[in-house]
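# Remarks on the overall topology
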Amino acid sequence: MPDDDYRILEVRKGRVPCLPGKDESIEHCRFCVYSRAFRVHGEYVTSPALAYCLRHRACEEVDLKAVQAVKCADRQGEGYRSMMNVIG
């Protein structure tokens, strides 16, 4: 998916505006199938949710307290969906 197709969700007090009126914790976001990258100190790093993705394998820890925004691939408005359902 091209970068301009992602939603950029700003993090406020450790929460992400996943859907209108529905915030998710950044801890949930790191395990969401739609989470693609986290902006930390102005730079995007691969989301931990992609740890099992063969194409984008993420293997670095992310300082969740420093996350400023999330690149989200949810364009249909489904909201949080755990990657554990995909790999389990």
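Note: the structure precedes this text.
## Topic: the sheet that holds strand β4 (residues 35-40)
What the four strands build is an open sheet, ordered β1-β6-β4-β5; its pairing is antiparallel. With one partner strand each, in any of the chains shown, β1 (7-10) and β5 (43-46) form the two edges of the open sheet. Taken over all neighbouring pairs, the strand axes of this sheet differ in orientation by 30° on average, direction set aside. Pairing geometry for β1 and strand β6 (residues 67-72), over four bridges, is antiparallel.

## A closer look at the packing of aromatic side chains
A complete count under the given rule lists zero aromatic pairs for this structure. Above the plane of the ring of Tyr-44 lies Lys-71, whose end atom (NZ or CZ) is 4.5 Å from the centre.

## What to know about unusual backbone geometry
The phi dihedral of Lys-13 is positive, around 50°, even though this residue is not glycine. In this fold, Lys-13 is placed in the loop between β1 and β2 (15-19). For Lys-13, a relative accessible area of 84% gives the class exposed. Despite not being glycine, His-41 shows a phi value in the positive range, around 55°. Since its relative accessible area comes to 64%, His-41 is described here as exposed.

Rules behind the numbers
Residues numbered from 1 in each chain as written. Predicted model: local features only at pLDDT ≥ 70, side-chain atom pairs only at ≥ 80, totals over all residues. Heavy atoms only, no water. Pairing = 2+ DSSP bridges. Helix = DSSP H or I, 4+ residues; strand = E, 2+ residues; numbered from the N terminus. Axes fitted to C-alpha atoms, helices over the stretch in contact; angles between N-to-C directions. Phe/Tyr/Trp six-rings, centres within 6.5 Å; stacked < 30°, edge-to-face > 60°. Lys NZ or Arg CZ within 6 Å of the ring centre and 35° of its normal. Buried < 20%, exposed > 50% of the residue type's maximum accessible area, 1.4 Å probe, protein only.

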